[in-house]
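Examination of the molecular architecture
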Amino acid sequence: MLLFHMRKPSDTNAPAPAVQMLLIDSEQVGQRVDNFLLRICKGVPKSHIYKAIRDGQVRVNKGRIQSDYRLVEGDTVRVPPFRMPAPNAPRAVPPCQFPVVFEDDALLVIDKPSGVAVHGGSGVSFGVIEQLRAARPDARLLELAHRLDRETSGLLMIAKKRSALVALHEMMREGKGRKRYLALVSGDWVNDRQHIRQPLLKWLTASGERRVRVDPAGKPAHTIISLQKRLGRYSLLEAELRTGRTHQIRVHLASAGFPIVGDDKYGPDEVRDKFTRLGFGRMFLHAYRLDIPHPLTGELLALSSPLPPECQRILSYLEQQS
């Protein structure tokens, strides 16, 4: 790992930042060059890195590239002289370990709490992946294999090898394995099992907030809904993802007239306010079950995460009321 130093005004002996030439090995193969730079240039603002790519300061094999260029083994990447924090400077990201559900040398599966973003960006300075990297400085690679919304809790996969990351992405594209969630929704769900196949399109609000809606121009999306329990005016559902679109479960359920309790984007304010007064201040969506072949060995992994205590408490309350 290369070490970068920031030259302080009072440290006249500190070396000035220099151009680095990095040779790509098998662990970096297939990674986007922007993500590669964001990982090795910790502390450099994203805007600086993307400007350096646009300006041609970042080069691969002496040629200009786009930010989405994927690295090939043997590539030589020119990294411009970014000014970096000194190695002994305080970490900007507080290290944090999360409950481990499964781990070997290729894959880490954690139980993510609600309210924690999976990565920094969009007003969030850091997330799960940055905190894990800070807590495990000797790890050669830690990359998100998929994403969970900030308010969604439950099983989150992190690859520890490039080969595992590529295999997981391929499996998810091909629909292998099963990812299942529990959601509490407003309304009395009728069918024991129902397939929702509605295309989803991303769009931006006037304020620049990312949203998703059902739209014929969108990408195909498929969710399988199974009724778990009726709770008066609410229903506990299992949602199985057959595709992995942004906000897929949330939008599919809201479009069917059954918004998830606590959803601040697609659910009614009055329901969210009611549950907040009851002491439940989050969205009720939990990734509770993962059945997927191991990305390298092919062994079937059957992993589960129990409902968080606050979700169990609100279910018990609704059962008493119904």
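1. Let's talk about the overall build of the chain
- For the chain, the helix and strand inventory stands at seven helices and 16 strands.
- Considered along the principal axes of its C-alpha atoms, the chain spans approximately 75 × 45 × 40 Å.
- At a minimum sequence separation of 6, the contacts of the chain that also span at least 24 residues come to 63%.
- Here the chain has roughly 16600 Å² of accessible surface; of this, 50% comes from carbon and sulfur atoms.
- Of note, the chain has its 49 positive side-chain charges centred 4 Å away from the centre of its 34 negative side-chain charges.

2. Topic: the environment of Gly-63
- Looking at the element boundaries, Gly-63 is found in strand S3 (residues 63-64).
- It is 35 Å that separates the C-alpha atoms of Gly-63 and Gly-218, two residues lying 155 residues apart in sequence.

3. Description of the sheet that holds strand S1 (residues 20-23)
- The strand order across the open sheet built from four strands is S1-S4-S2-S3, with neighbouring strands paired in antiparallel fashion. At either margin of the open sheet sits one strand with a lone partner, and together these are S1 and S3.

4. What about the side chain of Thr-152?
- Turning to its location among the elements, Thr-152 is positioned in the loop between strand S7 (143-144) and strand S8 (153-159).
- With a relative accessible area of 2%, Thr-152 lands in the buried category.
- The contact partners of Thr-152, leaving out residues within four places of it in the chain, are Lys-112, Pro-113, Ser-114, Tyr-181, Arg-282, Met-283, Leu-285, His-286 and Ala-287.

5. Points about unusual backbone geometry
- Phi is positive for Lys-62, close to 75°, though the residue is something other than glycine.
- Topologically, Lys-62 is positioned in the loop between strand S2 (59-60) and S3.
- Using a relative accessible area of 76% as the deciding quantity, one classes Lys-62 as exposed.

6. Focus: the confidence of the model for the chain
- Of the residues in the chain, 91% have a pLDDT of 70 or more, and the chain-wide mean is 89.
- Counting contacts from residues 1-12, a segment whose pLDDT is below 50, to residues more than four positions away or on other chains yields 21 contacts.

7. A look at the pattern of salt bridges
- Across all of its chains, the model carries 21 salt bridges by this definition.
- The partner of Asp-55 in a salt bridge is Lys-51, and the shortest N-O contact between them spans 2.7 Å.

8. Re the nonpolar core
- Ranked by internal contacts, the top residues of the largest apolar core, which has 29 residues, are Ile-158 and Leu-253.
- Where this core is concerned, the elements lending two or more residues are strand S6 (107-112), helix H3 (128-135), S8, strand S9 (178-186), strand S13 (222-231), strand S14 (234-241), helix H5 (248-255) and strand S15 (285-293).
- Sequence-distant contacts of Leu-253, defined by excluding residues within four places in its chain, comprise Ala-183, Val-185, Trp-189, Ile-225, Leu-237, Phe-258, Pro-259 and Ile-260.
- By size, the runner-up hydrophobic cluster in this structure holds 18 residues, among which are Phe-36, Val-44, Ala-52 and Val-79.

9. Brief notes about the packing of aromatic side chains
- Throughout the structure, instances matching the rule amount to four aromatic pairs.
- Pairing Trp-189 with Phe-258 gives two aromatic rings, centres 4.8 Å apart and planes at 65°, and the pair type is edge-to-face. One end of the pair, Trp-189, is in the loop between S9 and strand S10 (193-197); the other, Phe-258, is in the loop between H5 and helix H6 (269-277), and 69 residues separate them in sequence.
- Classification of Trp-189 by relative accessible area gives buried; the value is 2%.
- Given the relative accessible area of 15%, Phe-258 is considered buried.
- Considering the side-chain rings of Phe-280 and Phe-284, the 5.7 Å spacing of their centres and the 35° angle between planes classify their relative orientation as tilted.
- On the basis of relative accessibility, which here comes to 0%, the residue Phe-284 falls in the buried class.
- Sitting over the face of the ring of Tyr-266, Arg-211 holds its NZ or CZ atom 6.0 Å from the ring centroid.

10. Some thoughts on the pairing of S6
- Of all the six residues making up S6, six are buried; the element is thus mostly covered by neighbouring parts of the structure.
- The two faces of S6 match: Leu-107, Val-109 and Asp-111 on one face and Leu-108, Ile-110 and Lys-112 on the other face are all buried.
- Here three bridges tie strand S5 (residues 100-103) to S6, and the two strands are oriented antiparallel to one another. Across the sheet, the residue bridging to Val-100 is Ile-110, located in S6.

The rules we used
- Residues numbered from 1 in each chain as written.
- Predicted model: local features only at pLDDT ≥ 70, side-chain atom pairs only at ≥ 80, totals over all residues.
- Heavy atoms only, no water.
- Helix = DSSP H or I, 4+ residues; strand = E, 2+ residues; numbered from the N terminus.
- Contact = heavy atoms within 4.5 Å.
- Areas by Shrake-Rupley, 256 points an atom, 1.4 Å probe, with all protein chains shown as cover.
- Lys, Arg positive; Asp, Glu negative; His and termini not counted.
- Charge placed at Lys NZ, Arg CZ, Asp CG, Glu CD.
- Pairing = 2+ DSSP bridges.
- Buried < 20%, exposed > 50% of the residue type's maximum accessible area, 1.4 Å probe, protein only.
- pLDDT = per-residue confidence, 0-100.
- Salt bridge = Lys/Arg side-chain N within 4 Å of Asp/Glu carboxyl O.
- Core = buried A, V, L, I, M, F, W, Y, C linked by side-chain atoms within 4.5 Å.
- Phe/Tyr/Trp six-rings, centres within 6.5 Å; stacked < 30°, edge-to-face > 60°.
- Lys NZ or Arg CZ within 6 Å of the ring centre and 35° of its normal.

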